[in-house]
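# Chains, contacts and geometry: an overview
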Amino acid sequence: MPIFESDELKPLGGIYYVIIPLGFVLMLLCLPVILPIAAISSKRDAQRLRHAADETNCAGCGVALGQKAVELADKLCSEQVAALRLKYPFSMLRLARDVCAICTNCGERYAMDDGRLIIRAEA
Ligand SMILES: [Zn+2]
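Each residue is numbered by its place in its chain's sequence as written, counting from 1. This being a predicted model, a pLDDT of at least 70 is required before a residue's local features are given, and a value of 80 or more before pairs of side-chain atoms are given or counted; all residues contribute to the totals for chains, interfaces and linings.

In short, DSSP must find at least two bridges between two strands for them to pair. To qualify as a helix, a DSSP run of H or I must reach at least 4 residues; to qualify as a strand, a run of E must reach at least 2; elements of each kind are numbered from the N terminus. Strand order in the open sheet formed by 3 strands is β1-β2-β3, with antiparallel pairing between adjacent strands. Two strands close off the open sheet at either side, each with one partner strand: β1 (101–102) and β3 (116–119). Two elements, β1 and strand β2 (residues 109–113), share 2 bridges in a ladder whose sense is antiparallel. Considered in β2, the bridge of Ile 102 is made with Arg 109.

Written as structure tokens, this is what we have:
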């Protein structure tokens, strides 16, 4: 009597024993290319955000946002992630950040859209 009778419990076919290790090796070989691209892209995004914050005045109160607004959003994001890690200690978190700057004067929140800061719509 075969061990695997249903389709769901069939063992992997022989081709997967070649494809999966080959894919893993290919991914490892691509890392020296992918990691620098990701680092450069991340740095460029941060520069664009800082530039947009320097160029933008708050729509609510008119005060220039500046680097303090970005730092305030970074602090808020760090606090939220820390709270989620405490609440779900054994979970892998995959988060999308939607607040990129917060006005230090009135607390208006901004998101990044196409290289400029826009008021974040409340959910
Ligand atoms: Zn403001």
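Read on, since the account is not over.
A word on the packing of helix α1 (residues 16–55) against helix α2 (residues 66–87). With their axes 7 Å apart at the nearest point, α1 and α2 run at an angle of 125 degrees to one another. Looking at the two axes, α1 sits oblique to α2. Note that α1 runs across α2; the crossing there is right-handed. Contact residues: Leu 49, Arg 50, Ala 53 and Asp 54 in α1; Gly 66, Gln 67, Ala 69 and Val 70 in α2. Class assignment for the residues of the contact of α1 with α2 results in 4 nonpolar, 2 polar and 2 charged. Lines are fitted to the C-alpha atoms to define the axes, a helix being fitted only along its stretch in contact, and any angle between axes, read from their N-to-C directions, falls within 0 to 180 degrees. When describing relative orientation, an angle under 35 degrees is termed roughly parallel and one over 145 degrees roughly antiparallel, while 65 to 115 degrees is termed roughly perpendicular and anything else oblique. In a left-handed crossing the near helix is turned counterclockwise from the far helix by less than a right angle, and in a right-handed crossing that turn is clockwise. For the purpose of contact definition, each residue receives a C-beta atom placed from its backbone, and two residues are in contact when these atoms lie within 7 Å. As a working rule, the residues Ala, Val, Leu, Ile, Met, Phe, Trp, Tyr, Cys and Pro are called nonpolar, Asp, Glu, Lys and Arg charged, and the rest polar, with Gly in that last group.

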